[in-house]
Amino acid sequence: MAEAYERFRPGYPVELFDLVTAYAGMPVPAALEIGAGTGKATRLFARRGVAVTATEPDRAMLAELRKHVPARVRTVRAAFEDLRTGERYGLVYAAAALHWTDPEGRWARIAALLEPAGVFASFGGPIRPADPAVEEAVRAARAPFLESDEVPSPDGTSPGDAMQWPGTELRQSEWFTDVRQAVIARRLTSSARDYVGHLSTVSAYLVLPAREREQVFARIAQALPETVEVVADLTVHLARRR
C-alpha cells in the first residue's frame, strides 16, 4: 500500500507552499505534519527550507517517506492523538489526512502544537475525470459497489456550501481565527491503469471486501479511455491560532 501511495498519488505544487507562507506573513522555520503518508507534501515544504517533523502511524509509509525526503526531516511514528512532542511550531498542516483524526478535542490538540498566532493548514481534494462522459461511465461502473467514492464531510456540510469542512469547524472553534478557504486548480493526465491505481489508494475502495474491490476496478478499467484527463483541484483551508 505504501508503494501504491507513492506511485499513484500526485505531489503538491509550489503554489500551495506560496499560498501557505503568504498567509503566514513571515518565514516558517519549523512545521509539524499530521499523517504524512509517503511524504508527498513533506518534500514540498522540506525542500524549501522548512524543518518538518513528519508524523505517521504506519511503519511502511514512513519507510517509503524516508526514501524521498531530505535527511533533515524528522519522522515520528505516531497517530496524531498519541503525539507527545512537547514542542510548538509555526505551522501545523495535514495533507488529505485530517479526516482520519479523532474529532473529540481535535482543535485543542492542534492549537497546543502551535505557537501563538501560528498557522494551521489543511488541503486536499478528490481526483475525478475531467470529461463528464468518462466521469459518468466511472460512476455507472462502480454503482453496484459504491454510491460515491468521495469522503463525506465529517460535519455534514453540503458539497454546495460556500465554506467546506474543515473550515466550517475552524470558524466555530474557540482556538482559531481568520479562517480562509482557497482553491488551487489543477488538471493532470493519467493512463487508465494509473487512474485505477490511484483509486486503489482511496479509502472508499479500501474498505470493500477484496473480491468486490477487484471486480469494481475491473469494471472501471473497462469503462476508461486509454488516457484520462483528471480534475485534481486542491481545496486549502487556513486558520491562525488565537
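Structure first, text after, so check above.
Quick caveat: nothing in here was measured; it's all calculated off a predicted structure.

**Student:** Summarise the environment of alanine 162; cite the residues concerned and give the values.
**Tutor:** Within the secondary structure, alanine 162 is located in the loop between α6 (132–142) and α7 (167–172). Residues alanine 162 and glutamine 181, 19 residues apart in the sequence, show an inter-C-alpha distance of 9.2 Å.

**Student:** Just give me the short version of the sheet that holds strand β8 (residues 187–191), but keep the residues and values in it.
**Tutor:** Whenever strands of a sheet pair, they do so through backbone hydrogen bonds, lying parallel or antiparallel. Strand order across the open sheet formed by 3 strands is β6-β9-β8, with antiparallel pairing between neighbours. Sheet topology places β6 (128–129) and β8 at the edges, where each strand pairs with a single neighbour. The sheet strands contacting helix α8 (residues 192–199) are β6, β8 and β9 (227–231), and the helix crosses β8 at an angle near 105 degrees.

**Student:** Go over the pattern of salt bridges with me, naming the residues and quoting the values.
**Tutor:** Pairs can form between side chains of opposite charge whenever their charged atoms are close. Applying the stated rule across the entire model yields 11 salt bridges. A salt bridge links glutamate 135 to arginine 128, with the shortest nitrogen-to-oxygen separation between them at 3.8 Å. Taking the relative accessible area as the measure of exposure, glutamate 135 reaches 33% and is therefore partly exposed. Exposure remark for arginine 128: the relative accessible area of 32% places this residue in the partly exposed category.

**Student:** Report on the pairing of strand β4 (residues 89–95), specifying residues and quantitative values.
**Tutor:** Looking down a regular strand, the side chains alternate between one sheet face and the other. With 7 of 7 residues buried, β4 is to be regarded as a mostly interior element. Alignment of strand β1 (residues 30–34) against β4, held across 4 bridges, turns out to be parallel. Residue pairing across strands places alanine 31 opposite leucine 91, the latter belonging to β4. Pairing analysis gives 6 bridges linking β4 to strand β5 (residues 114–124), with the strands arranged parallel. Directly across from alanine 94, in β5, lies its bridge partner serine 122.

**Student:** Tell me about the side chain of threonine 53, and please be specific about residues and values.
**Tutor:** Within the element layout of this structure, threonine 53 appears in strand β2 (residues 51–55). Its relative accessible area of 5% is what places threonine 53 among the buried residues. Beyond its immediate stretch of four places on either side in the chain, threonine 53 contacts Ala31, Leu32, Glu33, Arg74, Val76 and Tyr89.

**Student:** Tell me about the sheet that holds strand β10 (residues 234–241), and please be specific about residues and values.
**Tutor:** In space, the 7 strands of this open sheet follow the order β3-β2-β1-β4-β5-β10-β7, with mixed pairing throughout. Lying at the two open borders of the sheet, with one neighbouring strand each, are β3 (74–76) and β7 (176–184). With strand direction ignored, the average angle separating the axes of adjacent strands in the sheet is 20 degrees. The pairing of β7 with β10 spans 7 bridges and is antiparallel. By the bridge assignment for β10, threonine 177 is matched with arginine 240. Across the sheet, helix α2 (residues 14–24) lies against β4, β5, β7 and β10, angled at about 20 degrees from β10, the strand it touches most. Relative to β3, helix α4 (residues 59–66) is tilted by about 175 degrees, and along the sheet it contacts β2 and β3.

What counts and how
All residue numbers here refer to positions counted from 1 along the written sequence of the relevant chain. Selection of residues for local features in this predicted model requires a pLDDT of at least 70, selection of side-chain atom pairs for listing and counting requires 80 or more, and totals for whole chains, interfaces and linings are taken over all residues. Hydrogens and waters are ignored; side-chain quantities use all the structure's heavy atoms. Here a strand is any run of E in DSSP of at least two residues, a helix any run of H or I of at least four, and the numbering for each starts at the N terminus. The rule for pairing is simple: two strands pair if DSSP sees at least two bridges between them. Only heavy atoms enter the contact rule, under which two residues are in contact if any of them lie within 4.5 Å. An axis is simply a line fitted to the C-alpha atoms; with a helix, the fit covers only the stretch in contact. Between two such axes, the angle follows the N-to-C directions and lies from 0 to 180 degrees. Between Lys or Arg on one side and Asp or Glu on the other, a salt bridge is scored when a side-chain nitrogen of the former is within 4 Å of a carboxyl oxygen of the latter. Any residue under 20% of the maximum accessible area for its type is buried, any over 50% is exposed, and the rest in between are partly exposed; the area is computed with a 1.4 Å probe on protein chains only.

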